[in-house]
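# Residue-level structural notes
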Amino acid sequence: MARESLISDELQKMIGMRSEPVIFKVEEGAIQRYAEAIGDTNPLYNDLEYAKKSKYGRLICPPGFTGWPVRRGRTTESISALLVKAGAPSRLLDGGVEFEFFEPMGAGDMLVATTTIAQITEKQTRLGSTLFTTTETTYLNQNGNLVLKAKQTLILF
Amino acid sequence: MAKQLYYEDIEIGTEIPPLAKVATTRMLVQWAGASGDFNPLHYDEEFAKSMGVGAPIVHGALKRAWLGQLMTDWIGEQGVLKRLSCQYRGMDYPRKMRTMVEPQDGETWWCKGKVVKKYEERGEYLVECQIWVENGKGEVTTPGTALVSLPSKAAHKS
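Residues numbered from 1 in each chain as written. Chains lettered and ligands numbered in written order. Predicted model: local features only at pLDDT ≥ 70, side-chain atom pairs only at ≥ 80, totals over all residues.

### As for the interface of chain A and chain B
As a reminder, the rule being used: Contacts here follow a simple rule: the backbone-placed C-beta atoms of the two residues must lie within 7 Å. Helix and strand labels come from DSSP, where a helix needs a run of H or I of at least four residues and a strand needs a run of E of at least two; each type is numbered from the N terminus. Under the convention adopted here, Pro, Cys and the residues Ala, Val, Leu, Ile, Met, Phe, Trp and Tyr are nonpolar, Asp, Glu, Lys and Arg are charged, and Gly plus all remaining residues are polar.
With 21 residues of chain A in contact, the opposing surface of chain B contributes 25 residues. Counting only elements with at least two residues in the side of chain A that touches chain B, the list comes to helix H2 (28-38) and strand E3 (92-101) of chain A. Across the side of chain A that touches chain B, the residue classes break down as nine nonpolar, six polar and six charged.

So, in structure tokens, the structure goes:
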């Protein structure tokens, strides 16, 4: 073969690897700052009184906001560091995400996120030899209910 | 806020009201702080060049958040966003600032979408949409999809 595969045995072994849980705390101020950063004036993200009277009873998370980590486990950055250690190319780009929402998330929630490395594939792209890694993260809230699933694509080149 | 959208109000091909966004260097800093993504790809000229993208680029997740707003603005408080997905295909470059708060002239990004499927399943009224972010040249940099459930007038018989 003219080109050696990017997927070393060590990388191959990482498929199916599960992270330690990361705990996220969802706070009112964090939701408001996130909404302001996007430029979203939706009162459910900004107005405490309005949100309290709504069916949610509290500020809710804009889609994709999961709060701030209070106990760091393996986040995207550290997963890519592990991949690089196992021989993956070191430049990282976010390829995209698929969210599935199950229950509302909002101020006061404590979310526990666990990530699994689902797949590692390689392709020749305009970036050169490129590794595509898919991770799947599930978020449970303080009641043990599944609130969110996120499938993320990491591009390493 | 806009009046509540119902399942009966839309059909295949219905366009979602477009949402204009202007990415600026200032917005990217604010986003980094609010989201916890401190990747220098989005604020450090030299790092961005070493990554081969030329200059700091807009965070993919910020564009994803814009698309989230496109959907939640449209479906109203009685609508529920069930799925949201997008891919960061094209690089987007933020406008630089002219004053502390005003950006220089430059491109405006548009978040757009349209209904591709509508169906009832297990008592839910579901709508599938194709969504995307276009840059100032009308090129799609961030294609995606969304699935929402909407309230139905038929189900709300008083």
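Read on, since the account is not over.
### Considerations on the nonpolar core
Spelled out, the test is: To define a nonpolar core, we join buried Ala, Val, Leu, Ile, Met, Phe, Trp, Tyr and Cys residues through C-beta atoms within 7 Å and take the resulting set. Buried residues are those with 20 or more other C-beta atoms within 10 Å of their own C-beta, exposed residues have 12 or fewer, and partly exposed residues lie in between; C-beta atoms are placed from the backbone. Throughout, the edges of the domains are those of an automatic or database domain assignment.
Ranked by internal contacts, the top residues of the largest apolar core, which has 61 residues, are Val26(A), Ile31(A), Tyr34(A), Trp66(B), Leu67(B), Leu70(B) and Met71(B). No other element matches the nine residues that helix H3 (residues 60-75) of chain B contributes to this core. Lining this core are residues from two domains, each supplying at least three of them: domain 1 (9-26 + 66-156) and domain 2 (27-64) of chain A. Other than its neighbours up to four places away in sequence, Val26(A) contacts Ile31(A), Cys61(A), Gly67(A), Met105(A), Gly106(A), Ala107(A), Gly108(A), Asp109(A) and Leu111(A).

### Quick word on the domain arrangement of chain A
All names here are of chain A. Segmentation of chain A into domains returns domain 1 (9-26 + 66-156) and domain 2 (27-64). On a C-alpha basis, the centroid separation for the pair domain 1 and domain 2 is 25 Å. Across the side of domain 1 that touches domain 2, the residue classes break down as seven nonpolar, four polar and one charged.

### Considering the packing of H2(A) against helix H1 (residues 25-35) of chain B
Going by this rule: Note on geometry: axes are lines fitted to C-alpha atoms, helical ones only across the stretch in contact, with angles between N-to-C directions running from 0 to 180 degrees. Angular relationships are summarised with four words: roughly parallel below 35 degrees, roughly antiparallel beyond 145, roughly perpendicular across 65 to 115, and oblique for the angles in between. Should the near helix be turned anticlockwise from the far one by less than a right angle, the crossing is left-handed, and should it be turned clockwise, the crossing is right-handed.
One way to put it is that H2(A) packs onto H1(B) with a least axis distance of 9 Å and a crossing angle of 155 degrees. Taken together, H2(A) and H1(B) sit at an angle that is classed as roughly antiparallel. Regarding H2(A) and H1(B), the two cross each other, and that crossing is left-handed. For the pair formed by H2(A) and H1(B), the contact residues are Arg33(A), Tyr34(A) and Ala37(A) on the first element and Met27(B), Gln30(B), Trp31(B), Ala34(B) and Ser35(B) on the second. Tallied by class, residues from the contact of H2(A) with H1(B) come to five nonpolar, two polar and one charged.

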